[in-house]
Amino acid sequence: MKKVFVVFYLLPLIICGYACNKNAIAQAPEKPQQPGTEFAAAATINQRLGRGINLGNTWESSWDKKESTPADFEKIAAKGFTSVRLPIRWEMPDRTQFTPPYTINNTFLNKIKSAVDDALKNKLHVIINMHHHDSLYARPDELKPMFLAQWKQIAAVFKNYPDSLLFEVLNEPHGNLDAGRWNNFFAEALQTIRETNPKRTVLLGLAEWGGVSALGKLSVPQDEHLILTIHYYNPFHFTHQGASWTAGSDAWLGTRWRDTELDRQEVKDDFKAAIEFAKTKSIPINVGEFGAYSTADMDSRIKWTRFMARYFEQQQFSWNYWEFNSGFGIYDPAKNTYNTGLVNALTADAMAAPTPVTFINLYTSNFLNPQADGWRLYNNDASASSTLGITNGKAVITIASQGTQTWYIQLIRANTSIETGKTYRLTFNATSDSNRNISLAFQQSSTPWLVYGSKQFGITKNEENYQYVFTAASTDAKTNLLFSLGKNGLAPVTLSNIKLEEIRF
């Protein structure tokens, strides 16, 4: 099972059409180079990664220990994938000593080596990573020596492998391994890897669970062999509905993704910052994980997966779908059958035309001094302090103390009505004195405070229009429509032109 809490981010570009890039990004990988030959540049490697898949819930699974087989890689290659990502949990006591010199069990190392060899035999590019390093997330400063020692050993074992093997330093840093620490941890791990692998391509992930909310906090070392890897599971209430490891997700069951132009625009908006970052830093992008859980309806899963794959290719991203043969998977090992719709969405289908829609206006904000139009500002903890003012038809939230949680400062409009199965669009204008994140949610107004839908936005000094589209899985005439503004700095936030519409198909 994929355990992620995502991350809402990333950007409108002019789309050139699927045909213009599919040959460049989806071509079969070049024959792996032999040890000792010159390694290709990161951009070339990223192009060769092309269309990939994760062999998830296998080497990283502690709840259901499984190991890969040669047949896994044969099946992956036979379906037209050109790369495979191997999530690996190295930190388990039977795999790595937790005391100096932090020796990795040789038997386990050889198993991973065999898996890599099996993948390379099928002409797949291979990404190996460090996955579910829970002790490191919890106690990063204490276990940093272990983390670096592990990479020293891994790098040494694979130093003579061709450039079709890639290293990903750590999956989804989070917890106490915050963005600042992660910059230092990655830089030191990269230096350790470069001692034995001076030109191997290394994937650089993002803090705060791997999505682009932390993009502005990321430092990229001076290194020509890096790829930026991003994880994408938006809309989260669609992709993780009914996921047993995500609290409250049963309330999202029935959420659909209809592939409207609005749905697509949200994805483009999410990737906007990442594309600009990649251009500025001259670093290629890999989408290392994306997928929709099996409890979502299959028609929506196929539409979502197809659009993501084609859109990523249009942006010249390589990608690795989550995952091959488990809860998000394209293959059922018990029945030896494939989900043909998902396979085709990933590897064969062209970009479809968006679903047409009409709009019914439900609410438009009207801020008039001193009228707040039913909106009230709440400081939900003693650590937070803020005030609400109305200026020139806009709501201005001035923050004196940000608090330690995003929900400690909330701007709320009560008694918003939503109905099961109906789809809504919320648009608003926002700006701040400096770049910062804010969150939007539709939430139950009393315990257990269920969140019906939510999204995080990165706002800037430039006033822009933002949107959120969601399908209600519950009926509630007293829903709180709210913005959470805590824990993201003291820069004031200005909101205006808030509009709620029902979308009809």
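Predicted, not measured: the structure shown is a model, and the values here were computed from it.

A. Region of the structure containing the overall build of the protein chain. On a plain count of helices and strands, the protein chain comes out with eleven helices and 21 strands. The C-alpha radius of gyration computed for the protein chain amounts to 23 Å, which stays within 12% of the reference 23 Å derived for 505 residues, consistent with globular compactness. With the C-alpha coordinates of the protein chain rotated into their principal frame, the extents come out at 70 × 45 × 40 Å. Looking at the 505 residues of the protein chain, the share that counts as buried comes to 57%. With an accessible surface of roughly 19500 Å², the protein chain has 50% of that area assigned to carbon and sulfur atoms. Here the protein chain carries 50 positive and 47 negative side-chain charges, and the mean point of each set is 2 Å from the other.

B. Structural view of the sheet that holds strand 5 (residues 202-204). Spatial strand order, 1-2-3-4-5-6-7-8: eight strands in a closed barrel with parallel pairing. Direction aside, the axes of adjacent strands within the sheet are offset by 25° on average. Strand direction decides the pairing type here: strand 6 (residues 226-232) and strand 7 (residues 285-290), joined by five bridges, are parallel. Paired with His231 across the strands is Glu289, a residue of strand 7.

C. Here's a closer look at the packing of aromatic side chains. All told, the structure shown has 36 aromatic pairs when counted by the stated rule. Look at Tyr293 and Phe328: their rings are 5.2 Å apart centre to centre, the planes differ by 50°, and that puts the pair in the tilted class. Of this pair, Tyr293 sits in the loop between strand 7 and helix 10 (298-314) while Phe328 sits in the loop between strand 8 (318-321) and strand 9 (331-332), and the two are 35 residues apart along the sequence. Arranged with centres 5.1 Å apart and planes meeting at 75°, the rings of Phe428 and Phe483 form a pair that is edge-to-face. With a gap of 55 residues between them, Phe428 in strand 16 (residues 423-432) and Phe483 in strand 20 (residues 476-484) connect regions that are remote in the sequence. One cation-aromatic arrangement involves Lys79 over Tyr338; the distance from NZ or CZ to the ring centre is 4.2 Å. Seen from the ring of Phe167, Arg200 lies directly overhead, with NZ or CZ sitting 5.4 Å from the centre.

D. Spotlight on the packing of helix 10 against helix 11 (residues 340-347). Their axes nearest at 7 Å, the elements helix 10 and helix 11 cross at an angle of 15°. In terms of axis orientation, helix 10 runs roughly parallel to helix 11. Of the two possible hands of crossing, helix 10 and helix 11 adopt the one that is right-handed. Contacts between helix 10 and helix 11 pair Met298, Arg301, Ile302, Thr305, Arg306, Ala309, Arg310 and Glu313 from the former with Gly341, Leu342, Ala345, Leu346 and Thr347 from the latter. Across the contact of helix 10 with helix 11, the residue classes tally to six nonpolar, three polar and four charged.

E. Spotlight on the sheet that holds strand 12 (residues 375-379). Spatially, the five strands line up as an open sheet ordered 12-15-20-17-18, and their pairing is antiparallel. Only two strands of the sheet have a single neighbouring strand rather than two, namely strand 12 and strand 18 (451-459). Ignoring strand direction, the axes of neighbouring strands in this sheet form an average angle of 25°. Direction of pairing for strand 12 relative to strand 15 (residues 409-418): antiparallel, over a ladder of five bridges. The residue bridging Asn379 from the neighbouring strand is Ile409, located in strand 15.

F. Highlighting the environment of Thr44. Summarising the element assignment, Thr44 is placed in helix 2 (residues 42-49). In this structure Thr44 comes out as partly exposed when scored by relative accessible area, which is 32%. C-alpha of Thr44 to C-alpha of Pro284: the two residues are 240 residues apart in sequence and 9.2 Å apart in space.

G. Structural detail: helix 3 (residues 70-78). Burial in helix 3 covers these residues: Asp72, Phe73 and Ile76. One side of helix 3 carries all its buried residues, which in axial view fall inside an arc of 90°. Those residues of helix 3 that are buried are in contact with strand 1 (51-54), strand 2 (83-86) and helix 4 (106-121). Positive backbone phi, at 95°, marks Gly80, one or two positions downstream of helix 3.

Scoring rules and cut-offs
- Residues numbered from 1 in each chain as written.
- Predicted model: local features only at pLDDT ≥ 70, side-chain atom pairs only at ≥ 80, totals over all residues.
- Heavy atoms only, no water.
- Helix = DSSP H or I, 4+ residues; strand = E, 2+ residues; numbered from the N terminus.
- Rg over C-alpha atoms; globule rule 2.2 N^0.38 Å.
- Buried < 20%, exposed > 50% of the residue type's maximum accessible area, 1.4 Å probe, protein only.
- Areas by Shrake-Rupley, 256 points an atom, 1.4 Å probe, with all protein chains shown as cover.
- Lys, Arg positive; Asp, Glu negative; His and termini not counted.
- Charge placed at Lys NZ, Arg CZ, Asp CG, Glu CD.
- Pairing = 2+ DSSP bridges.
- Axes fitted to C-alpha atoms, helices over the stretch in contact; angles between N-to-C directions.
- Phe/Tyr/Trp six-rings, centres within 6.5 Å; stacked < 30°, edge-to-face > 60°.
- Lys NZ or Arg CZ within 6 Å of the ring centre and 35° of its normal.
- Parallel < 35°, antiparallel > 145°, perpendicular 65-115°, else oblique.
- Left-handed = near helix turned anticlockwise from the far one by under 90°.
- Contact = heavy atoms within 4.5 Å.
- Nonpolar A, V, L, I, M, F, W, Y, C, P; charged D, E, K, R; others polar.
- Arc of directions from axis to C-beta.

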